[in-house]
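One-letter residues, chain by chain:
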Amino acid sequence: MTMNAAGGRRRPPTIHDVAREAGVSRGTVSRVLNGGHYVSPAAQEAVNAAIRRTGYVVNRHARSLITGRSDSIGFLLTEPQEKLFEDPNFNVLLRCCTQALATHDIPLLLMLAGTQDERRRITRYITAGHVDGVLLVSSHSADPVAEQLHEAGVPLVQCGKPMGRGTKVSYVAADDRDGARDMMRHLLSLGRRRIGMVNGPVDTPGGVDRLAGYKEVLTEAGLEIDERLIVSGDWGRASGEAGAERLLAQAPDLDAVFVASDLMAQGVLAALQRAGRRVPQDVAVGGFDDSPAALASSPELTTIRQPWDRISAEMVRVLLAQIGGEDPAAVILPTELVKREST
């Protein structure tokens, strides 16, 4: 804080104070605050040091009047509100995106739009310019909100591969198909041959690609694809439990289950325990995500790790580049097999 002319009251430091402290012009300080273009490294360091010494904080409202930007990003979850608390993946992604944007001093606004009315209100809010861009998260990629925002010219990056929109929308995704192949090869390497699958919804990219990886590896191994060994859930724990019960009724001789999410795998473990099947001795179980649910399971889950920190960082990078005028981009990141007690 700085003393005012009256000598008594203190006022917040201004850009003029920073310029005087750094020994540079006000214009140089302004260029540093807006990205550092056409500023020498020495001047940039001097300005940054002056900002630290004076305690100067950018007046975002004033800057937005000049730049026409809000200097904020929306994190849009087009799912029912309870999903934010039930599915650990959403919380991990929200935390990682917040941290990635914090390095750019940009706040992240959480927006929940689980109903049609909420989606309509949120779309109006976003297209009115209250955020500069959107990080979209949804378990269903054929999302009308995404299409509306894209058509309105709002910078947008989706978590997960879009379905039905080609490459026009930026997205960042893990390699679901390759991750599924890794898990299946691991289960086969253990000598398991009657491998069931509890898949996600088949109208989602995860559901499509993880099922494709499952089938591809069975075909490579010369094993029959038995439709009695495949059921679908909705990514939630209860659907995993119900899926395992269906598998046990349809194929009681199964000796392994590949589950397309860790949360569903928790339900699978509960159903197997209730049926008297030991894990992994009788039935090996593999999940997908490496979410907190994997470590909270008993036994702890062998799973496929999605690199949530890298996914978040790439979503932020691609979105900021798009806001800066670059074309849409697609990023596919590798997964990793994590072996634990369930196989």
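Quick caveat, the model's predicted, so the values are computed rather than measured. (Residues numbered from 1 in each chain as written. Predicted model: local features only at pLDDT ≥ 70, side-chain atom pairs only at ≥ 80, totals over all residues. Heavy atoms only, no water.)

Student: Residues and numbers for helix α11 (residues 237-250), please.
Tutor: Here α11 contains 14 residues, and its C-alpha end-to-end distance of 20 Å stays within 8% of the 20 Å for a straight helix at 1.5 Å per residue. Restricting attention to buried positions, one finds in α11 the residues S239, G240, E241, G243, A244, L247 and L248. Where α11 is buried, its residues meet β8 (195-199), β9 (230-232), β10 (256-259) and α12 (262-274). (Helix = DSSP H or I, 4+ residues; strand = E, 2+ residues; numbered from the N terminus. Expected span 1.5 Å × (residues − 1). Buried < 20%, exposed > 50% of the residue type's maximum accessible area, 1.4 Å probe, protein only. Contact = heavy atoms within 4.5 Å.)

Student: So what's going on with the packing of aromatic side chains? Residues and values would help.
Tutor: Taken as a whole and judged by the stated rule, the model has one aromatic pair. With centroids separated by 6.5 Å and ring planes inclined at 45 degrees, the aromatic side chains of F258 and F288 adopt a geometry described as tilted. In this pair, F258 is assigned in strand β10 and F288 in the loop between β11 (284-286) and α13 (292-296), connecting sequence segments 30 residues apart. Both residues of the pair, F258 and F288, belong to the buried class. For R210, the ring lying beneath its charged end belongs to F288, and the centroid distance is 3.8 Å. (Phe/Tyr/Trp six-rings, centres within 6.5 Å; stacked < 30°, edge-to-face > 60°. Lys NZ or Arg CZ within 6 Å of the ring centre and 35° of its normal.)

Student: Let's hear about the side chain of D289: which residues, and what values?
Tutor: Looking at where D289 falls in the secondary structure, it is placed in the loop between β11 and α13. A polar side-chain atom of D289 sits 2.9 Å from a polar atom in the side chain of N89. In this structure D289 touches N89, R210, S261, D262, T303, I304, R305, Q306 and W308, once residues within four positions along its chain are discounted. (Polar contact = N/O pair within 3.5 Å; in protein donor to acceptor, adjacent residues only side chain to side chain.)

Student: Tell me about the sheet that holds strand β13 (residues 330-333), and please be specific about residues and values.
Tutor: With parallel pairing, the six strands of this open sheet are ordered in space as β4-β3-β5-β6-β7-β13. Two strands lie at the open edges of the sheet, namely β4 (108-112) and β13, each paired on one side alone. Shown here is a sheet whose adjacent strand axes are inclined to one another by a mean of 20 degrees, direction ignored. By the bridge criterion, five bridges tie strand β3 (residues 73-77) to strand β5 (residues 133-137) in an arrangement that is parallel. Bridging from a neighbouring strand, I73 pairs with G133 of β5. Across the face of the sheet, helix α8 (residues 144-151) comes into contact with β3, β5 and β6 (156-159) while running at roughly 160 degrees to β6. (Pairing = 2+ DSSP bridges. Axes fitted to C-alpha atoms, helices over the stretch in contact; angles between N-to-C directions.)

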